[in-house]
Amino acid sequence: RIYLEQYQYMLSLKQSLDAGGHCLLEMPTGTGKTVCLLSLITSYQYAHPNVGKLVYCTRTVPEMNSVMKELGVVLGYRAAQLGGD
């Protein structure tokens, strides 16, 4: 289930992507920012292969390791839902 704040976050991000611009979004700790961002961006890239790369920055290596683990979960879920496509 998705929360209203997560939906609003993803909507703002998609509007930025559609406009071809940059986006800076902020949400409090523990609100699902990482999974929202990764879910939307990877789905957007899947639907629009010419859109380019995602550059994801963190302050520390452990934070980046956590993001990479979450990315694996997101991509695994999408592959399972799409039949490995």
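Okay, so let's go over this structure. (Residues numbered from 1 in each chain as written. Predicted model: local features only at pLDDT ≥ 70, side-chain atom pairs only at ≥ 80, totals over all residues. Heavy atoms only, no water.)

1. A short note on the overall build of the chain
Selection rule: Secondary structure elements are taken from DSSP: a helix is a run of H or I of four residues or more, a strand is a run of E of two residues or more, and numbering for both begins at the N terminus. Radius of gyration: C-alpha atoms only; globule rule: 2.2 Å multiplied by the number of residues to the exponent 0.38. Exposed residues in this analysis have more than 50% of their type's maximum accessible area, buried residues have under 20%, and partly exposed residues fall in between, with area computed by a 1.4 Å probe over protein chains only.
Assigned secondary structure in the chain consists of 3 helices and 0 strands. Its helices and strands taken in sequence order, the chain reads α-α-α from the N to the C terminus. Relative to a compact globule of 85 residues, whose C-alpha radius of gyration would be 12 Å, the chain shows 13 Å and is just as compact. Considering only C-alpha atoms, the chain reaches an extent of 35 × 30 × 25 Å along its principal axes. For the chain, buried positions account for 19% of its 85 residues.

2. A look at the packing of helix 2 (residues 33–47) against helix 3 (residues 61–81)
Condition: Only the contacting stretch of a helix is used when fitting its axis, a line to C-alpha atoms as for every element, and angles between N-to-C directions run 0 to 180 degrees. To sort the angles, those under 35 degrees are grouped as roughly parallel, those over 145 as roughly antiparallel, those from 65 to 115 as roughly perpendicular, and the leftovers as oblique. Crossing handedness is defined as follows: a turn of the near helix away from the far one that is anticlockwise and smaller than a right angle gives a left-handed crossing, while the clockwise case is right-handed. Residue contacts follow a heavy-atom distance rule, with two residues in contact if any of their heavy atoms lie within 4.5 Å.
Packing of helix 2 against helix 3 brings their axes to within 10 Å, and their N-to-C directions diverge by 50°. When the interaxial angle is binned, helix 2 and helix 3 end up oblique. In this structure, the crossing between helix 2 and helix 3 has a hand that is right-handed. Contact residues: T34, V35, L38, S39, T42, S43 and Y46 in helix 2; V67, E70, L71, V74, L75 and R78 in helix 3.

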